[in-house]
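# Understanding the architecture of this molecule
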Amino acid sequence: AMDVLPHGPLVTVTMVREYLAHQPSQQTRKRPQGENRLIIYGVGGHGRSLEALIRALGTYHILGFLDDGYQAGKEVLGMKVLGGLEKLSQLAADGVCLAVNGIGGIGDPQSRLKTYEHLHASGFFCPTVIHPTAFIEDSADLADGVQVFPFAYVGTHVHIGYGCIINTGVIISHDCILAP
């Protein structure tokens, strides 16, 4: 079994399929009704981009960031870093149950997958977030936790699996499947 995808210029479909076959399946939870408080796990570039995307939606109240590499109380984009992994159980006990994974995982996809595992184990639901400028065809199917950034296009009969990132300006043409 592969522990991580290889670093380098070529990653084949076979490598990705083998890697995914050995990952625990992501069990999605039902979206909590009436809840709009949300945390962003990760303060790096991807997490900050997610903050802008979520702010553009206007449907969530972002409580702050969680990140193990930043000191609690530090301000980023006018919001506080609430702490790290240890803060998840307290937030869940306070009734916060929405989170987005702000770990991009470029060069280290395991860190992104581990974050989803921690969020799920702590009882958090990861909603799909779609920037208002993105265009998603009606026949496209997006799983929970998908993140669609500005000016992206998702075509007809496309299936986007749990937690995929559709980055800024990406075009996914018809009949594509991302993640099994």
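Attention in this report is confined to the structure presented alongside it.

Conventions used here
Residues numbered from 1 in each chain as written. Predicted model: local features only at pLDDT ≥ 70, side-chain atom pairs only at ≥ 80, totals over all residues. Heavy atoms only, no water. Core = buried A, V, L, I, M, F, W, Y, C linked by side-chain atoms within 4.5 Å. Buried < 20%, exposed > 50% of the residue type's maximum accessible area, 1.4 Å probe, protein only. Helix = DSSP H or I, 4+ residues; strand = E, 2+ residues; numbered from the N terminus. Contact = heavy atoms within 4.5 Å. Pairing = 2+ DSSP bridges. Expected span 1.5 Å × (residues − 1). Salt bridge = Lys/Arg side-chain N within 4 Å of Asp/Glu carboxyl O.

## Digging into the nonpolar core
Most often, soluble globular proteins keep nonpolar side chains buried together rather than apart. Counting residues in hydrophobic clusters, the biggest one holds 17 residues, and the most contacted among them are Leu38, Ile40, Ile54, Phe65, Val100 and Val129. Every element with two or more residues in this core is listed here: β1 (37-41), α2 (45-57), β2 (61-66), β4 (79-83) and β5 (98-101). Here the element with the most residues in this core is α2; it accounts for 3 residues. Residues within four places of isoleucine 40 in sequence aside, it is in contact with Gly47, Leu50, Glu51, Ile54, Ile62, Gly64, Phe65, Leu66, Val100 and Gly102.

## A look at the sheet that holds strand β8 (residues 141-142)
Pairing is parallel in the open sheet, where 3 strands are placed in the order β8-β11-β14. If you trace the sheet from one side to the other, it starts and ends with β8 and β14 (177-178), each paired once. Inspection of the sheet shows β8 paired to strand β11 (residues 159-160) by 2 bridges, in the parallel sense. Paired with leucine 142 across the two strands is isoleucine 160, which belongs to β11.

## A short note on helix α4 (residues 109-121)
Compared with the 18 Å implied by 1.5 Å per residue over 13 residues, the 19 Å span of α4 between its first and last C-alpha is a close match. By the burial criterion, the buried members of α4 are Gln110, Arg112, Thr115, Tyr116, Leu119 and His120. Taken from the residues just after α4, glycine 123 is the one with a positive phi, measuring 95 degrees.

## Some thoughts on the pattern of salt bridges
In total, this model carries 4 salt bridges according to the counting rule given. Of the charged contacts in the structure, one is a salt bridge between glutamate 51 and arginine 55, with a shortest N-O distance of 2.9 Å. Note that glutamate 51 and arginine 55 are positioned in helix α2 at a spacing of 4 residues, about one turn of the helix. Residue arginine 55 is classed as exposed on the basis of its relative accessible area, which comes to 55%. Measuring nitrogen to oxygen at the nearest pair gives 3.6 Å for the salt bridge that ties lysine 80 to glutamate 75.

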